[in-house]
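# Structural features, examined
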There are 2 protein chains.
Amino acid sequence: MTDREKAQYEAKARVLKALAHPTRLWMVERLAEREHCVCELFEAVDADFSTVSKHLSVLRQAGIVDVEKRGKQMFYRLKVPCVLQFMGCIEAVLLDNAEVQCRAAGLTPVGDIALQARLNPGEIS
Amino acid sequence: MTDREKAQYEAKARVLKALAHPTRLWMVERLAEREHCVCELFEAVDADFSTVSKHLSVLRQAGIVDVEKRGKQMFYRLKVPCVLQFMGCIEAVLLDNAEVQCRAAGLTPVGDIALQARLNPGEIS
DNA sequence: CTTACATTTGGTTATTTAGCCAAATGAGCA
DNA sequence: TGCTCATTTGGCTAAATAACCAAATGTAAG
């Protein structure tokens, strides 16, 4: 692998890493619907204000979101809508994992139970 | 956000995190072409054998790749081809970033130079 | 120009991750 | 059975990440 190729994989990984956090993933979905100021996101997130701000900064540096200052507020919006396409695939991965887990446990995965099994193993009634 | 939703975002983030490493990203693309044993991937990667094995283990635990033991070797293959769709979008993000950087630097981004600018800032001739 | 508000930045700490080495496992072969 | 090869696991250290708090910045309003 050339240095050039290596740098490309590193750059791609950096973008994915920016998305690879539950709070940031949630934010991306919110920002896909419409722009939000930091304060709005803060209210829904249950974390320090500075934490929320830093998450947005990570997304911005990765080039995933855009920001515009208006008055006292900073308005963030999703810059690259195609990242939303990831969600469907990821859900498919999780569902598939759930089925594997269920099969291993001797359960019949039906509908939502499967996802629950993957997300909260041990909580299946 | 309910506990349930929170757990879902955490699960999704876990999958993305598994992909968010240059070596693992490279491996995923190789495994998309055809199955490979650990030794084949090792030869191309320039890292310890155990490091390669651990990367594959991360991908397996995320449910992204599958493994089958045949004889002495372990053969890994891509289990969820849809993750390949991510690549196009990520490249679009990088290209877009490059253009922003170039505009900021007063350059005209033409073709490949744009990507180079993003990947190796400061190396533009 | 002082205050209040929205957000970012810097500092600190705890946790997670990546890498290497050495040792353990497990399958096939002598 | 004992050897060898392919791979995984455990232990360790260095580096990266996430969270909080406190302090700094920048903007608008009084």
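Report follows, based on the coordinates. This one's a predicted model, so the numbers in the text were calculated from it and none came from an experiment.

Not every one of the 22 residues close to DNA strand C is listed here, only the nearest: Ser53 and Tyr76 of chain A together with Asp48, Ser50 and His55 of chain B. Near-protein atoms of DNA strand C (within 4 Å) split between backbone and bases, with sugar and phosphate holding 66%. Here tyrosine 76 of chain A contributes a side-chain N or O atom positioned 2.6 Å from a phosphate oxygen of DNA strand C. Between DNA strand C and arginine 24 of chain B there is a distance of 3.2 Å, counted from a phosphate oxygen to a side-chain nitrogen or oxygen. For the surface near DNA strand C, the secondary-structure elements that each account for two or more residues are α3 (38–45), α4 (49–61) and β3 (73–78) of chain A together with α4 (49–61) of chain B. Taken together, the residues of the surface near DNA strand C sort by class into 7 nonpolar, 8 polar and 7 charged.

We now examine the relation of the copies chain A and chain B. Its rotation angle being 180°, the transformation that places chain A on chain B also includes 0.0 Å of axial translation and leaves an RMSD of 0.0 Å. In the structure described here, the two chain copies are related by an operation that fits a two-fold rotation axis.

With that settled, the discussion passes to the interface of chain A and chain B. Interfaces are often described in size by the accessible area the parts lose on coming together. The partner chain B presents 42 residues to the 43 residues of chain A that form the contact. Between chain A and chain B, the buried area comes to about 3,900 Å², and carbon and sulfur atoms account for 70% of it. Of all residues in chain A, Tyr9, Lys12 and Leu16 of chain A bury the most surface against chain B, accounting for 16% of the area lost on that side. Put simply, lysine 12 of chain B and glutamate 29 of chain A hold a salt bridge, and the shortest N to O gap is 3.9 Å. For the interface between chain A and chain B, the tally reads 8 residue pairs in polar contact (both at pLDDT 80 or more). No other element matches helix α1 (residues 3–19) of chain A, which puts 13 residues into the side of chain A that touches chain B. Class assignment of the residues belonging to the side of chain A that touches chain B gives a composition of 24 nonpolar, 7 polar and 12 charged.

The rules behind these values
- Residues numbered from 1 in each chain as written.
- Chains lettered and ligands numbered in written order.
- Predicted model: local features only at pLDDT ≥ 70, side-chain atom pairs only at ≥ 80, totals over all residues.
- Heavy atoms only, no water.
- Near = heavy atom within 4 Å.
- Polar contact = N/O pair within 3.5 Å; in protein donor to acceptor, adjacent residues only side chain to side chain.
- Helix = DSSP H or I, 4+ residues; strand = E, 2+ residues; numbered from the N terminus.
- Nonpolar A, V, L, I, M, F, W, Y, C, P; charged D, E, K, R; others polar.
- Least-squares fit on C-alpha atoms with pLDDT ≥ 70 in both.
- Contact = heavy atoms within 4.5 Å.
- Buried area = accessible area lost by both parts, 1.4 Å probe.
- Salt bridge = Lys/Arg side-chain N within 4 Å of Asp/Glu carboxyl O.

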